Amino acid sequence: MTECIKTGSEEIRARPLLLDTAIFLVFIDNNAVMVDKTSLIRDLFNSPTRTFFLSRPRRFGKTLLIDTIKNIAEGHKTLFRDMDIGKEGSGYAWDPYPVIRFSFSSFPRDPEMFKRRFLITLDNIAELHGLSIRPAQDISDIQDIIKQISKQHPVGQSANRQPSMNTYPLNTVLLIDEYDFPLLGNIGNPDKIFKIREMLQEFYSTIKECENMLRLTFITGISKFSKLSIFSGMNNIVDISFDPHYSSICGFTEKEIEKNFHDNIISILPGMEKEGYFEPNPTKKTFMEKLKFWYDGYSWDGTNKVFNPFSVVNCLYHKEFNHYWYDSGTSLASYRYSLLPETFINLFAHNLKTADFKPVSDINALNNESFLFQTGYATIDQIIKQGTTKYYVLKCPNNEISFALSQTFVHIDSPFPGLHGSIIDNFSHFVDLFDMSDDDQCANIFSSLLEFSIPSLHYPDEYTLQSLLFILLNMTDFRARREPYSGDGRPDIVYDSPSGFSTVVEIKYHKPRHPEKV
């Protein structure tokens, strides 16, 4: 329902926000807010490249992107009359193409059930396109389905070629969403990964044989494992995950939020002011500064940044800042917190650097940096070139992810030498003492944590101490903020007590002359 509110003499009618769907038509039918990514989709179709791969973390809009591509490929121009690709002179031809779509996020993780679902999916695709063929017996039957669909829909022949007995028109669009979901769901079970990998290898090898019929192939996932033999033979696939041109194809830029959600922002400001989120008379600029602190900062090229779309829409809908992405499901990072504490703390301290973002051969062999990056817990801050080597400097993208990392870290079995049990079991009373302003006791507890942690962290600095204190203060609830935006600068930590007062923390560290003796 459209939300209507009067602000002074102005009446704001905010368009609906949808939280529970990634179906393009539902957005259109409800006149809901939808950020226009169609100019980038047009570039995919107009590119001489025909096979693309895109990696993004979960809940970043990959499925909605796939569904939007589907509707464009099928030629539903009237649905896009208000978007870039539907305008006159957009440069898109609007030839309709038949679409074959797979979504592996709904496939079972058990290999036998996986294959059964795969064959059922092939039968459903054949039925959808009106094909009279026998029920699928093997994964490679996808080739017969593509051949028949291609022959039945001779679109775009003038731009490609006329079909004959041995050739087919280049006219079918293949969309594959979350290709790696069954693999990632079996982390720690190499036998199941091996069996599913073999089936996916057969599938993609068959797809390669069909490239003379595929107008566009678009594959999404969280990670790219090139040496798993999954993509063997698909030497024509182009990974656009790090391409600056497509950096905003998933996620929202600051300009996109200001343009598309202007009325939604203005309409919720009075209520959020009453709830204490802002000082009196907040402005759109004030809101955007706080939104940026919470949900912005994701980058795949070190320059262009986007907001987490899931968290932004939830924030506008619920009218409060909260850790929506973290609460939306179990993260894969929970499988990986055998991480060295140094990796974790360095990420907090904006000092995590890696030279290796190349696809790996084994899911279980992902290095810590790549895993945190691919799952959305780290992002590229900058790219440094030294000779022929690229170094990626990683950081925590925003406030929401800082909290997510700290919550995960304090609940796991401690990786610090000599500290048994989780951090929260050992230091949970620290927050109570901090609330009571018991400086001496807080100092003693913090020092005890340093005794356990510093042997694992080489040489500490102010960022390290800030990160450890931030973790302690957020053990039981989200009360501490790192370097929050302020007109007077950015303090190291601001802690909001449940009793209503705030404590500003500034950390200073004196580096010893002989750090090897620390």
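Data block above holds the structure.
Residues numbered from 1 in each chain as written. Predicted model: local features only at pLDDT ≥ 70, side-chain atom pairs only at ≥ 80, totals over all residues. Heavy atoms only, no water.

A. Main features of the overall build of the chain. Secondary structure assignment for the chain yields 19 helices and 13 strands. When burial is assessed residue by residue, the chain has 53% of its 518 residues classed as buried. Roughly 23800 Å² of accessible area belongs to the chain as shown, and the carbon and sulfur atoms make up 48% of that amount. (Helix = DSSP H or I, 4+ residues; strand = E, 2+ residues; numbered from the N terminus. Buried < 20%, exposed > 50% of the residue type's maximum accessible area, 1.4 Å probe, protein only. Areas by Shrake-Rupley, 256 points an atom, 1.4 Å probe, with all protein chains shown as cover.)

B. Expanded view of the pairing of strand β5 (residues 172-177). In terms of burial, β5 is a largely internal element, 6 of the 6 residues being buried. Of the two faces of β5, the one carrying Thr172, Leu174 and Ile176 and the one carrying Val173, Leu175 and Asp177 are both buried. As paired strands, strand β4 (residues 99-103) and β5 are joined by 5 bridges and run parallel to one another. Paired with Arg101 across the bridge in β5 is Leu175. Here β5 pairs with strand β6 (residues 214-221) via 5 bridges, running parallel. The partner of Val173 across the bridge, within β6, is Leu216. (Pairing = 2+ DSSP bridges.)

C. Region of interest: the pattern of salt bridges. The tally for this structure, following the rule as stated, stands at 14 salt bridges. In this structure, the salt-bridge partner of Lys208 is Glu211, at a minimum N-O distance of 3.2 Å. In this structure, Asp496 engages Arg481 in a salt bridge whose closest nitrogen and oxygen atoms are separated by 3.1 Å. Separated by 15 residues along the polypeptide, Asp496 in strand β12 (residues 493-496) and Arg481 in strand β11 (residues 480-482) bring together distant segments of the chain. A relative accessible area of 24% places Arg481 in the partly exposed class. (Salt bridge = Lys/Arg side-chain N within 4 Å of Asp/Glu carboxyl O.)

D. Spotlight on the sheet that holds strand β7 (residues 238-239). Taken together, 5 strands build an open sheet; the order of strands is β4-β5-β6-β3-β7 and the sheet is parallel. The outermost strands of the open sheet, each flanked by one partner alone, are β4 and β7. Its contacts with the sheet put helix α2 (residues 38-46) on β3 (51-55), β5 and β6, and the angle it makes with β6 is roughly 130°. Across the sheet, helix α5 (residues 142-152) is in contact with β4, β5 and β6; its angle to β4 comes to roughly 150°. (Contact = heavy atoms within 4.5 Å. Axes fitted to C-alpha atoms, helices over the stretch in contact; angles between N-to-C directions.)

E. Unusual backbone geometry, seen in detail. Backbone geometry at Arg59 places phi at a positive 55°, although glycine is not the residue there. Position of Arg59 among the secondary structure elements: in the loop between β3 and α3 (62-73). The class of Arg59 is partly exposed, set by a relative accessible area of 40%. Unlike most non-glycine residues, Ser437 shows phi in positive territory, near 55°. In this structure, Ser437 sits in the loop between α17 (429-435) and α18 (439-453). Assessed through its relative accessible area of 48%, Ser437 is described here as partly exposed.

F. Representation of the packing of aromatic side chains. Summed over all chains, the structure comprises 34 aromatic pairs. Taking 6.0 Å as the distance between ring centres and 20° as the angle between the ring planes, the aromatic pair formed by Phe104 and Phe114 counts as stacked. Taken together, the residues span a long stretch of sequence, with Phe104 in the loop between β4 and α4 (111-128) and Phe114 in helix α4 at a distance of 10 residues. The same class applies to Phe104 and to Phe114, which are both buried. When the ring of Tyr295 is compared with that of Phe321, the centres are 6.5 Å apart and the planes differ by 20°; the resulting orientation is stacked. Pair noted here: Tyr295 is in helix α10 (residues 284-295) and Phe321 is in the loop between α11 (309-318) and α12 (324-327), with a separation of 26 residues, a long-range link. (Phe/Tyr/Trp six-rings, centres within 6.5 Å; stacked < 30°, edge-to-face > 60°.)

G. Main features of the sheet that holds strand β13 (residues 502-505). Strand order in this open sheet of 3 strands is β11-β12-β13, and the pairing throughout is antiparallel. Looking along the sheet, the strands with just one partner apiece sit at the ends: β11 and β13. Direction aside, the axes of adjacent strands within the sheet are offset by 20° on average. Summarising the sheet, β12 and β13 pair through 4 bridges and their orientation is antiparallel.

H. Structural view of α4. Helix length check: α4 (18 residues) gives 25 Å between terminal C-alpha atoms against 26 Å at 1.5 Å per residue, within 8%. Looking at α4, one finds that the buried residues are Pro111, Phe114, Phe118, Leu119, Thr121, Leu122, Ile125 and Ala126. Taken end-on, α4 shows its buried residues confined to a sector of 155°, consistent with a single buried face. What points out from α4, more than 90 degrees from its buried face, is the exposed set Glu112, Glu127 and Leu128. By the N-cap criterion, in which a side-chain oxygen at the helix start approaches the backbone nitrogen of a residue two or three places on, α4 is capped by Asp110, the distance to Glu112 being 3.2 Å. One or two steps after α4, the chain reaches Gly130, where phi turns positive at roughly 70°. (Expected span 1.5 Å × (residues − 1). Arc of directions from axis to C-beta. Polar contact = N/O pair within 3.5 Å; in protein donor to acceptor, adjacent residues only side chain to side chain.)

Function cannot be read off these values alone, since they describe shape.
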